[in-house]
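Each chain, written out:
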Amino acid sequence: MGAEGMEPAVFEHLMPFEFLCFSFPNPLPSPENPYSETLRVAVADAPSSPSKTSPPAIAAVLVPNRREDDWVFSTAAGHFQLLLFLSSPNLSISRLVLIGNLPSCSSSLPRPYSRSQSDGEGASLDCFQESLMPLLYALCPKAAFVNGMPSIPFLVYEDGVIRCNPVEKVVGHRAGEMLVEDVEIEVSPELRELRRRLRFKKMPNLIQTQVRLLPDSVDVEVFRPEMGSLVQPYLGPMVSALFLNGLAIDEGFRFRSGNVLCVGVGGGPLVTALRWRFGFRVLGVEADEEVLSVARRHFGLFEDEFLKVFVDDGIRLIEDYALERSESKLFHAIMVDLDEEDPMNGIGAPPAKFLRRNVLAGARMALHSKGILVVNVIPSDESLYAMMIKLLRKFFCELYELKVEDGENFVIIATASPIGSDLKNMKKQGGIFEKLKKLGCESFIAGIKKI
């Protein structure tokens, strides 16, 4: 809606989970300013109430030019997740204001994006930010003025994207609207990579799957997904968990392939890595048929006698496993990579329903005597994380934790039988350990800690 239809009084008080969006005339239109004559202004209040001992913190973000169609910047879910992402112990944001160009509102693919050298730089942008201060003060709640005029910083959301080309937009019955996109990422000042990513609209800030794109061996101008790519930050730590029962897996390989159950397939890099880099017999379970279709079309997933994927509720499958236990179906590892399904709960993993007692009991019974349960965890709350650890202890012998470099994820490993306390003495020159070394996982292995 336009600013003329907005009552200023609606911004006087913070309202948890409140989201308002309106258009506003650009106070400083000029040829040098990349922002149009009419701006989109979005105001999001944090899910929790601010501290009563200090004034609420207000912050602003300028949406990067030509990224106004991106779900991160154009949806309510993206705004709330961005608010949580930008908050820190030093700045707990109570209200976030995003200002940028109007989205195209097209139902087709978003427009390609290419970062210009002037994005976010230059004296003209400083002047533009200064011209927005009266608007930002008008959008502050009364409580922000208790100690005088509040300080309102302009924050920058850095995700390393240099170029982005949308590939396909599809809708799944469980995942909802999904976007496949090819991006050029600035990994470091010296390194850029081409990657293919899968995102869900309901969790716009979360990259569900990403793999490297490498030149085709025949036509170097054609790029294809890297087979078994472990570029997603938590995938290397997840496969490194195999170190804990590597000797049992090596013994299993003497008679047949090791068996792994993957709950949550996404684009398929984990199941592909387990099949082609380790030689496991892999069973993948995904709740949405369209997600598997995307994985086959765009991420190089294909099945053979050692890799099978199918559509089902993976959590229910584990829960029901105790009813049909068979020695021939036991797994050396169960790997769970499932996100919280309700975006209003924020980014979190695994979903709460995975932590039901019947599910954990089923997981324990589905494991080989030396098997392990490996779970990708994004703690949404410290108390919930502690509760998860307490529940896992009731069903498994030992628990290990591995922190992921991105600082958001943990990998929790629960063992079906005792491993031992001295991990340094377990570095046997077995097949699994050697394969992990070739993948550069030694630093991850060194980071495994018993909890």
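Heads up: the structure comes first, above all this text.
All residue numbers refer to positions counted from 1 along the written sequence of the respective chain. Given that the model is predicted, a residue must reach a pLDDT of at least 70 before its local features are reported, and side-chain atom pairs must reach 80 or more before they are shown or counted; all residues, however, enter totals for whole chains, interfaces and linings. Side-chain measures here rest on the full set of heavy atoms in the structure, leaving out hydrogens and waters.

## Observations regarding empty space enclosed by the protein
Put simply, the test is: Using protein atoms alone on a 1 Å grid, points that fit a 1.4 Å probe yet trap it form a cavity, whereas open point sets bounded by protein on both sides within 12 Å along at least five of seven lines form a pocket; residues with an atom within 4 Å of a point count as lining. Grid points are joined across faces, edges and corners, and a volume is the space filled by probe spheres set on the points. Strands are runs of DSSP state E lasting at least 2 residues, helices are runs of H or I lasting at least 4, and numbering of each runs from the N terminus.
For the structure shown, the criterion picks out 2 cavities of 30 Å³ or more. Lining the largest cavity are 15 residues; nearest its centre among them are Asp69, Asp70, Pro110, Arg111 and Cys164. For the lining of the largest cavity, the elements supplying multiple residues, two or more each, are β7 (161–172) and β8 (176–188). Among the elements that make up the lining of the largest cavity, the one with the highest residue count is β7 (3 residues).

## A look at the side chain of asparagine 33
Heads up, the condition is: Nitrogen and oxygen atoms within 3.5 Å of one another constitute a polar contact, given that in protein one can donate a hydrogen and the other can accept it, and given that sequence-neighbouring residues count only through two side-chain atoms. Residues are treated as being in contact if the distance between any of their heavy atoms lies within 4.5 Å.
Mapped onto the secondary structure, asparagine 33 falls in the loop between β1 (19–25) and β2 (38–45). Within the structure, asparagine 33 has its side chain in polar contact with the backbone oxygen of leucine 28 (distance 3.1 Å). Sequence-distant contacts of asparagine 33, defined by excluding residues within four places in its chain, comprise Asn26, Leu28 and Phe128.

## Some details on the sheet that holds strand β3 (residues 57–62)
The criterion, for reference: By the convention used here, strands pair only if DSSP detects at least 2 bridges between them.
The 5 strands lie next to each other as β1-β2-β4-β3-β6, forming an open sheet whose pairing is mixed. Looking at which strands have only one partner, the edges of the open sheet turn out to be β1 and β6 (154–155). Relative to strand β4 (residues 93–101), β3 is paired through 6 bridges, and the arrangement is parallel. Paired with isoleucine 58 across the two strands is arginine 95, which belongs to β4.

## A closer look at the sheet that holds β8
Test applied: Only the stretch in contact is used when fitting a helix axis, every axis being a line fitted to C-alpha atoms; angles between N-to-C directions are given from 0 to 180 degrees.
If you walk across this open sheet you meet the 6 strands as β5-β7-β8-β9-β10-β11, and the pairing is antiparallel. Each edge of the open sheet is held by one strand with a lone partner, namely β5 (113–114) and β11 (223–225). Relative to strand β10 (residues 207–215), strand β9 (residues 191–200) runs antiparallel, the two being bridged by 5 bridges. Bridge assignment links leucine 198 to a residue of β10, and that residue is threonine 209. With respect to the sheet, helix α8 (residues 289–298) is in contact with β7, β8, β9 and β11, its orientation differing from that of β7 by roughly 135°.

## With respect to the pattern of salt bridges
This is how it is decided: The salt bridge definition used is simple: a Lys or Arg side-chain nitrogen within 4 Å of an Asp or Glu carboxyl oxygen. The buried label applies to any residue whose accessible area, calculated with a 1.4 Å probe on protein chains only, is under 20% of its type's maximum; exposed applies above 50%, and partly exposed to all values in between.
Under the criterion given, the structure shown has 30 salt bridges. Between glutamate 186 and arginine 115 there is a salt bridge, with its nearest N and O atoms 3.7 Å apart. Linking glutamate 186 in strand β8 with arginine 115 in the loop between β5 and α3 (123–131), this pair joins segments that are 71 residues apart in sequence. Residue classification places glutamate 186 among the partly exposed residues on the basis of a relative accessible area of 31%. A salt bridge links glutamate 434 to lysine 437, with the nearest nitrogen and oxygen atoms 3.8 Å apart.

## Description of helix α11 (residues 382–395)
For clarity, the threshold we go by: Between the first and last residue of a helix there are one fewer steps than residues, each counted as 1.5 Å, and that sum is the expected span. The directions considered for the arc are those from the helix axis to the C-beta atoms.
For α11, which comprises 14 residues, the first-to-last C-alpha distance of 21 Å matches the rise-based estimate of 20 Å (1.5 Å per residue) to within 8%. Those residues of α11 that fall on the buried side of the exposure criterion are Tyr385, Met388, Ile389, Leu391 and Leu392. All buried residues of α11 lie within an arc of 165° about the axis, which places them on one face of the element. More than 90 degrees from the buried face of α11, the exposed residues found are Ser383 and Lys390.

## Here we look at the nonpolar core
Soluble globular proteins tend to pack their nonpolar side chains together in the buried interior. Here is the rule we go by: What makes a nonpolar core is a set of buried Ala, Val, Leu, Ile, Met, Phe, Trp, Tyr and Cys residues whose side-chain atoms join them at distances within 4.5 Å.
Ranked by size, the top nonpolar core spans 41 residues in total, and within it Leu242, Leu274, Phe280, Met335 and Ile413 carry the most contacts. Ranked by residue count, the leading element in this core is helix α7 (residues 269–276), at 4 residues. Residues in contact with isoleucine 413, not counting those within four places in the same chain, are Ala241, Leu244, Ile372, Leu373, Val374, Glu398, Leu399, Tyr400 and Ile448.

## Some remarks on the environment of leucine 399
Its location among the elements puts leucine 399 in strand β17 (residues 398–403). Sequence-distant contacts of leucine 399, that is, excluding residues within four places in its chain, are made with Ile389, Leu392, Arg393, Ile413, Ala414, Lys449, Lys450 and Ile451.

## Points about the packing of aromatic side chains
To keep it simple, the criterion reads: We call Phe, Tyr and Trp rings a pair once their centres come within 6.5 Å, taking the six-membered ring for Trp, and we label the pair stacked below 30 degrees between planes, edge-to-face above 60, and tilted otherwise.
Taken as a whole, this structure holds 10 aromatic pairs when the rule is applied. Seen in terms of ring centroids, phenylalanine 243 and phenylalanine 433 are 5.8 Å apart; in terms of plane orientation they differ by 45°. Their pairing is tilted. Linking phenylalanine 243 in the loop between α5 (235–240) and α6 (246–253) with phenylalanine 433 in helix α12 (residues 431–438), this pair joins segments that are 190 residues apart in sequence. A ring pair is formed by tyrosine 385 and phenylalanine 410, whose centres lie 5.3 Å apart and whose planes are at 40°; its orientation type is tilted. Remark: phenylalanine 410 occurs in strand β18 (residues 410–415) and tyrosine 385 occurs in helix α11; sequence separation between them is 25 residues. The exposure class of phenylalanine 410 is buried, given its relative accessible area of 17%. Members of the aromatic cluster, connected to one another through ring pairs, are Phe17, Phe19 and Phe80.

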